[in-house]
Amino acid sequence: ANPATGTMKCIEIDDEKKLAAFYDKRISQEVDGKALGDEFEDFIFRIAGGNDKQGFPMMQGVLRGDRVRLLMSKGMTYYRPRR
């Protein structure tokens, strides 16, 4: 993200060797751009979120490798009211 303008950019990478730098990282950790190639040498990437294989979103503060059920209330992130 660009702090001055608040814009973000999504980059898709197909090379598994380049993606290895992002494995076993947590949300808000930083990765040096050199790991992705010379065109990103001057950049630092911060992990802001993601999804698992089934599309469930990641949430910062949940320090488990598997899915858990969270007790949420109105106004919290990812809260969806049920009927």
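See the structure printed just above.
Attention in this report is confined to the structure presented alongside it. None of the values given here were measured: they were computed from a predicted structure.

With respect to the helices, strands and loops of the structure, isoleucine 47 is situated in the segment after strand E2 (44-46). The class of isoleucine 47 is buried, set by a relative accessible area of 14%. As for isoleucine 47 and glycine 33, which are separated by 14 residues in sequence, their C-alpha atoms are 12 Å apart.

With that out of the way, let us pick up unusual backbone geometry. Apart from glycine, the bulk of residues carry a negative phi angle, and the bulk of peptide bonds sit in the trans form. The backbone of aspartate 24 shows a phi angle near 60 degrees, a positive value even though the residue is not glycine. By secondary structure assignment, the location of aspartate 24 is in the loop between helix H1 (16-19) and strand E1 (30-32). Here the phi dihedral of serine 28 falls at roughly 80 degrees; this positive angle occurs in a residue that is not glycine. Tracing the backbone through its elements, the reader meets serine 28 in the loop between H1 and E1.

Now for the packing of aromatic side chains. The final tally for this structure, using the stated rule, is 3 aromatic pairs. Measuring from ring centre to ring centre gives 6.1 Å for phenylalanine 40 and phenylalanine 43, while their planes differ by 65 degrees; the resulting arrangement is edge-to-face. Residue phenylalanine 43 is classed as partly exposed on the basis of its relative accessible area, which comes to 45%. Members of the aromatic cluster, joined through ring pairs, are Phe40, Phe43 and Phe45.

Thresholds applied
Residues numbered from 1 in each chain as written. Predicted model: local features only at pLDDT ≥ 70, side-chain atom pairs only at ≥ 80, totals over all residues. Heavy atoms only, no water. Helix = DSSP H or I, 4+ residues; strand = E, 2+ residues; numbered from the N terminus. Buried < 20%, exposed > 50% of the residue type's maximum accessible area, 1.4 Å probe, protein only. Phe/Tyr/Trp six-rings, centres within 6.5 Å; stacked < 30°, edge-to-face > 60°.

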